[in-house]
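Remarks on the overall topology
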Amino acid sequence: MDTGAQVIMSTYSRLLPLIHEMGLDHQLCALDSRMSFFSEGKHLEIDARNPLALLTAGILPPGELVRVGLALPDMLRRCEARSQSDLLAWEEFDVEDSETWIRRTIGTRAAERFIGPVLRGGFYQDASEVSATLAAWVFSAFLKGLHNYSLRDGLDQLHKAIAKWLDVRLGKSVSVLGWDPSRIQYCIQTPEEKFWADRVVLALPKPKGVLASELVNDSCGRALCAVPVTYRPGVTVGVEGPSALTHYAGYTLVDTREQMRSVTLGRASAKAGLSREVAQTRQRDLITNYLYDTDLKGLVSAPELEIEKLALGELERIYPEMRGKSSVLEITRWEAAMPTLPVGAVALIRRYREAVQLHRPGWVWASDAISVPCMDGAVESGEWAARQILA
């Protein structure tokens, strides 16, 4: 869980109870739930709290509005009973890519102006390469109406509270997980030391690289290795800008395929994705967080001046009033920013989970890569992993 692009959505049925359980209700604060879609040089704004916003914002042409209206009853029926935190509940959509599903179900403009930009800006994946499972999940969330929240002192307050409560060792880089027959225990190696445990939950982005050969070759290891685990890298750029912008919205999605990108706007605070050190020194200024998917552009390893030039140039294109009035505060690089979900991945994730339930190994992998790719999915996978090793 990071403090970059993440927000807490009202549909998160696992995360919100966890916040309550950790005694952090007083930290919960509402964010701007408006969204702006920047397309063909224009801003199209919607209020995500309104389930019918897509029909009234001018994003879709009349023909597609009729099409959506006709498809809405069936979509509501198919999506209403499904949990937003249960990826496997959406498996029936995992037979085609999101772009094909959007164009067939809703229409071309919806793919170009609405769901497509959400997938690119929010999940770092183009609609043509991601399973329709994710598009259906996103569309359903909007149909329910979205209220966005964060924690006043930053989202890292949650995982720090969990770590303190459970004596979790944060910041330990696991290099090898193997079986120690002399102790009849699992051996966890880090660059500094070794640990032994009867049961292990691996909360790592890419677990395959740390599993010893005996674990890779057991039934659960083989099922896990079949899951396509890849992550898109990204860069978060914190920018100080003017105190008022035209078409101000809490989240702006940019309609372009040259690079997956999105913008989040908010008063300076740790909840906006900046480090607390920077946020505390900028209490009166508007902060813009600019997020890139950089799989093809290589910005994760690019010089800071190159990142600054691109970020400011794009922001000034989207918000001309920022021209000459903004500066970069900090740059954060994410080697594993967002897990991908290609067509067919949901079935492989199901097989891994079924293998764990059948064989009951002492080690289980927990990650948003085997759940919905968001914070609620990370919580769901952790709770599932805990149930398996405690069964």
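Residues numbered from 1 in each chain as written. Predicted model: local features only at pLDDT ≥ 70, side-chain atom pairs only at ≥ 80, totals over all residues. Heavy atoms only, no water.

1. Thoughts on the pattern of salt bridges
Within this structure, the stated rule accounts for 9 salt bridges. The closest approach of N and O atoms between Asp47 and Arg49, which form a salt bridge, is 2.7 Å. Using a relative accessible area of 24% as the deciding quantity, one classes Asp47 as partly exposed. Arg49 sits in the partly exposed class, given a relative accessible area of 42%. (Salt bridge = Lys/Arg side-chain N within 4 Å of Asp/Glu carboxyl O. Buried < 20%, exposed > 50% of the residue type's maximum accessible area, 1.4 Å probe, protein only.)

2. What to know about the packing of aromatic side chains
Going through the model one piece at a time under the given rule, you end up with 7 aromatic pairs. Ring geometry for Trp90 and Phe93: centres 6.0 Å apart, planes at 35°, overall tilted. Take Trp90 and Phe93: they sit in the same class, and that class is buried. Since its relative accessible area comes to 2%, Phe93 is described here as buried. Positioned over the ring face of Trp90 is Arg82, at 5.7 Å from the centre of the ring. We note Arg353 situated over the ring of Trp384; from NZ or CZ to the ring centre the distance is 4.7 Å. (Phe/Tyr/Trp six-rings, centres within 6.5 Å; stacked < 30°, edge-to-face > 60°. Lys NZ or Arg CZ within 6 Å of the ring centre and 35° of its normal.)

3. Here's the deal with the sheet that holds strand E5 (residues 148–151)
Spatially, 3 strands are ordered E1-E5-E2 in an open sheet, and the strand pairing comes out antiparallel. One side of each edge strand has no neighbouring strand; the edge strands of this open sheet are strand E1 (8–9) and strand E2 (28–30). For E1 and E5, the ladder comprises 2 bridges, and the chain directions are antiparallel. Note that in E5 the partner of Met9 across the bridge is Asn148. (Pairing = 2+ DSSP bridges. Helix = DSSP H or I, 4+ residues; strand = E, 2+ residues; numbered from the N terminus.)

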